[in-house]
Amino acid sequence: MRLSRRMVAAPTALVAIGLLLTACGSRAGDEAAASAESCVDTSGDTIKVGSLNSLSGTMAISEVTVRDSIRLAVEEINADGGVLGKQIQVVGEDGASDPATFAEKAEKLIRQDCVAAVFGGWTSASRKAMLPVFEDNNSLLYYPVQYEGLEASPNIFYSGATTNQQIVPALDYLKEQGTESLYLVGSDYVFPRTANSVIKAYAEANDIEILGEDYTPLGSTDFSTIVNKVRTAGADAVFNTLNGDSNVAFFREYSNAGLTAEAMPVVSVSIAEEEVGGIGVQNIEGQLTAWNYYQTVDTPENQAFVAAYKERYGDNKPTSDPMEAAYTSVYLWKETVEQAESFDVADVQAAAGGVSFAAPEGTVTINGDNNHITKTSRIGVINGDGLIDTVWESDGPIDPDPYLESYDWADGLSGN
Amino acid sequence: MDVLASQLFTGLSIGSILLLIALGLSLTFGQMGVINMAHGEFIMAGSYTAFVVQQVISSAGVSLFVSLIVGFCVGGVMGVVLEATLLKRMYHRPLDTLLVTFGVGLILQQVARDIFGAPAVNVATPEFLRGNIEVLGVVLTKSRLFILILAIVCVAILAAALKYTSMGRRIRAVVQNRDLAEVSGISSRRTDITTFFIGSGLAGVAGVALTLIGSTSPTIGQSYIVDAFLVVIAGGLGQIRGAVIAAFALGVLHAVIEYSTTASIAKVLVFVAIIIFLQVRPQGLVSVKTRSLA
């Protein structure tokens, strides 16, 4: 076979042209990032926002419901006349349960679709991946899920709870109930480990003994040894930061081993109404949860929210805390934009502090210093219908304190 | 002392679950040389069978026993369909079977998601299997005792069938020397199908059993498939006796390590132990001399 010059030349030329194009492309990109010139189009009758949730992959089970409640809020606002006289148009994207995809899609929403703000994200990994994208492009993300705290970005509005609005109240509640020892069980990744370091610091300052701390790989389904350890340790209560399917195996093993909610209650921070069905009510009835919102919360705003959600998506669909936080975040964006009388990021950031909204969970207000919101904290007990009844709630909304600066015992934690 | 006894029971229980899952694999992988990554999804099919049967028969006790039979058939039929449509074209190409069955597994997961939804569904445990019995201070959960007995029964039936029935003799003959079996008048084609039906059916039974302890979700098979392959390899390919010993040994080892360390470390250490063991004894615990060249 003869190797003609053309056969070599053609690919070489192609590669050269390709390199040239990428070079130009990336230079153009750098310029856009440097000036962070927003391409948001505010001239028409509509304004675009992004909805970025995992519609496929392992997180889809949770995040699809969040997407649904974002849509519900947008439809309600549009029916009510929109924002600054403009109808909201949602551009939906799938983060595919993969942090890198979240970052990539966020960039696409900001640069190509020119959205005014993005709503979404669930895992801390997805948020951490998106954070630099929103900061570099100077755009806005509304993040609706409770998380481990120790973060605050001017480009992210956190509408889920931070630790002092969920975990600390849960510990206060247990202490009030006379709990003197705890056993910690969690999935092996960032949220449970950070949450447990907060819990251990609290325990040390409040004379609560930590009798054990166990992590299982995500998706793990054998809890016989851990339940054995928990039973032998004989703690007053168990603090559960397990995620996903592991909860099913854990609670089945727990109740089969004869451990009851009366003798040794389990407090969970990531089981909401929709997960109870899969666990089986009989295995978890009477156990405790810590959240800011339950479907049973008795406010007129919540009755309207639950009714609207069920009418839109079906009577058998429960509402949960992250869904409520997502719904609320759309309204908070609307209120802030109207306060600022502008869709411009800098104007929205400047106007955000003090903006409040009568949410289903109770009135929430944006804290301008850290972009988190005030939230009412609630301890609930799972009832026989698979819903959660509030057994304790804070006196009004609690100010967000993501770095736990107001607690002496948390001194060593804020560093990381 | 109580702790030791409790962990021993835990280990036996983990072992019995591994065994139930590995038993079918020991037939299809060990004896036929097919790396069936969709075995986990046959387990999932068994779990969802238990869920569907329970929607029809409301008594959880009756539905469990009906599910065990129906689950065996559902798993078996799925296995036969897979064998007849795809695998029969690729015997002696183990890497191809791995890729193809992995793909089939992903498709089956998505099908389950479309039919039953992504969240886990709940299969109620019968009243008589809830709770535990205490023997000399050791708490034995009833559902785990039931699985232990079920595993023993399955092994006994399978071993007896292989040893005493003509079908069993045909299977063993084909495994030991396919060509010689053929010239002796045994249809290796029919034997392959039978073997696959039984192996996949056992996956269905395992799936039904798993609903007693864990979640019923599209990814349930994924949590067990790797461990099951380890049991089959450590036990010695195609050796039921080896699979039994390996499953219980791994279960007890895991339980003991996990009690004194953590779940993640236990998983790693058990894995390391298997690797070291296979360095010393690559053929697994039990190996049988055959006249075949393989």
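In this text, all values refer to a predicted model and were calculated from it rather than measured experimentally.

## A short note on the overall build of chain B
- A count of helices and strands for chain B gives eleven helices and two strands.
- Along chain B, from the amino end to the carboxyl end, the secondary structure elements read α-α-α-α-β-β-α-α-α-α-α-α-α.
- Computed over C-alpha atoms, the radius of gyration of chain B comes to 19 Å, within 12% of the 19 Å expected from 2.2 N^0.38 for 294 residues, which places it in the range of a compact globule.
- When its C-alpha atoms are laid out on the principal axes, chain B stretches across 60 × 45 × 35 Å.
- Of all 294 residues assigned to chain B, the portion counted as buried reaches 53%.
- If you take every contact in chain B between residues at least 6 apart in sequence, the share linking residues at least 24 apart comes to 76%.

## Some words on the environment of Leu95(B)
- Its place among the elements puts Leu95(B) in helix α4 (residues 94-116).
- It is 24 Å that separates the C-alpha atoms of Leu95(B) and Val286(B), two residues lying 191 residues apart in sequence.

## Points about the interface of chain B and chain A
- Contact residues are listed per partner, giving 39 residues for chain B and 30 residues for chain A.
- For the pair chain B and chain A, the interface holds two salt bridges.
- Glu253(A) is paired through a salt bridge with Arg144(B); the nearest N and O atoms lie 2.8 Å apart.
- Inspection of the region where chain B meets chain A yields 17 residue pairs in polar contact (both at pLDDT 80 or more).
- Looking at the side of chain B that touches chain A, the elements with two or more residues in it are α1 (2-31), β2 (138-141), α5 (142-164), α9 (222-235), α10 (240-260) and α11 (263-280) of chain B.
- Top element by residues in the side of chain B that touches chain A is α1(B). It accounts for six residues.
- Grouping the amino acids of the side of chain B that touches chain A by side-chain chemistry returns 17 nonpolar, 18 polar and four charged.

## Observations concerning the packing of α5(B) against helix α8 (residues 188-210) of chain B
Residue and element names in this part refer to chain B.
- Axis separation between α5 and α8 bottoms out at 11 Å; the angle between their running directions is 170 degrees. The orientation of α5 with respect to α8, classified from their angle, is roughly antiparallel. Of α8, the residues touching α5 (which contributes Ile147, Leu150, Cys154 and Leu158) are Ile198, Leu202, Val205 and Ala209.
- Taken together, the residues that form the contact of α5 with α8 break down as eight nonpolar, no polar and no charged.

## Describing the UniProt feature "transmembrane region" (unreviewed entry) in chain B
- Using the residue numbers shown here, the UniProt feature "transmembrane region" (unreviewed entry) corresponds to residues 12-30, 64-82, 94-112, 145-162, 196-216, 228-253 and 265-282 of chain B.
- Helix makes up 71% of residues 196-216 of chain B and strand 0%, with an end-to-end C-alpha separation of 24 Å.

## Some remarks on the packing of helix α2 (residues 60-79) of chain A against helix α11 (residues 300-313) of chain A
Residue and element names in this part refer to chain A.
- The geometry of α2 relative to α11 is characterised by a closest axis approach of 11 Å and an angle of 105 degrees between their N-to-C directions. Judged on the interaxial angle alone, α11 and α2 are roughly perpendicular. On α11, the residues that touch Thr65, Asp68, Ser69, Arg71, Leu72, Glu75 and Glu76 of α2 are Phe305, Ala308, Tyr309, Arg312 and Tyr313.
- A breakdown of the residues in the contact of α2 with α11 according to their chemical character gives five nonpolar, two polar and five charged.

## Side note on unusual backbone geometry
Residues and elements named next belong to chain A.
- Despite not being glycine, Ser97 has its phi angle at roughly 55 degrees, a positive value.
- Along the polypeptide, Ser97 turns up in the loop between β2 (87-94) and α3 (99-111).
- Phi at Asp207 takes a positive value of approximately 55 degrees, unusual for a residue other than glycine.
- Mapped onto the elements, Asp207 comes out in the loop between α6 (190-205) and β7 (209-216).

## What about the packing of aromatic side chains?
Residues and elements named next belong to chain A.
- Tallying each qualifying case throughout the model produces 24 aromatic pairs over all chains.
- Ring geometry for Phe119 and Trp333: centres 6.1 Å apart, planes at 85 degrees, overall edge-to-face. You can see Phe119 sitting in strand β3 (residues 118-120) and its partner Trp333 sitting in helix α12 (residues 321-340), a full 214 residues away along the chain.
- For Trp333, a relative accessible area of 1% gives the class buried.
- With centroids separated by 5.7 Å and ring planes inclined at 75 degrees, the aromatic side chains of Phe223 and Phe250 adopt a geometry described as edge-to-face.

The rules we used
Residues numbered from 1 in each chain as written. Chains lettered and ligands numbered in written order. Predicted model: local features only at pLDDT ≥ 70, side-chain atom pairs only at ≥ 80, totals over all residues. Heavy atoms only, no water. Helix = DSSP H or I, 4+ residues; strand = E, 2+ residues; numbered from the N terminus. Rg over C-alpha atoms; globule rule 2.2 N^0.38 Å. Buried < 20%, exposed > 50% of the residue type's maximum accessible area, 1.4 Å probe, protein only. Contact = heavy atoms within 4.5 Å. Salt bridge = Lys/Arg side-chain N within 4 Å of Asp/Glu carboxyl O. Polar contact = N/O pair within 3.5 Å; in protein donor to acceptor, adjacent residues only side chain to side chain. Nonpolar A, V, L, I, M, F, W, Y, C, P; charged D, E, K, R; others polar. Axes fitted to C-alpha atoms, helices over the stretch in contact; angles between N-to-C directions. Parallel < 35°, antiparallel > 145°, perpendicular 65-115°, else oblique. UniProt positions renumbered as here; feature names shortened; annotations may be inferred. Phe/Tyr/Trp six-rings, centres within 6.5 Å; stacked < 30°, edge-to-face > 60°.

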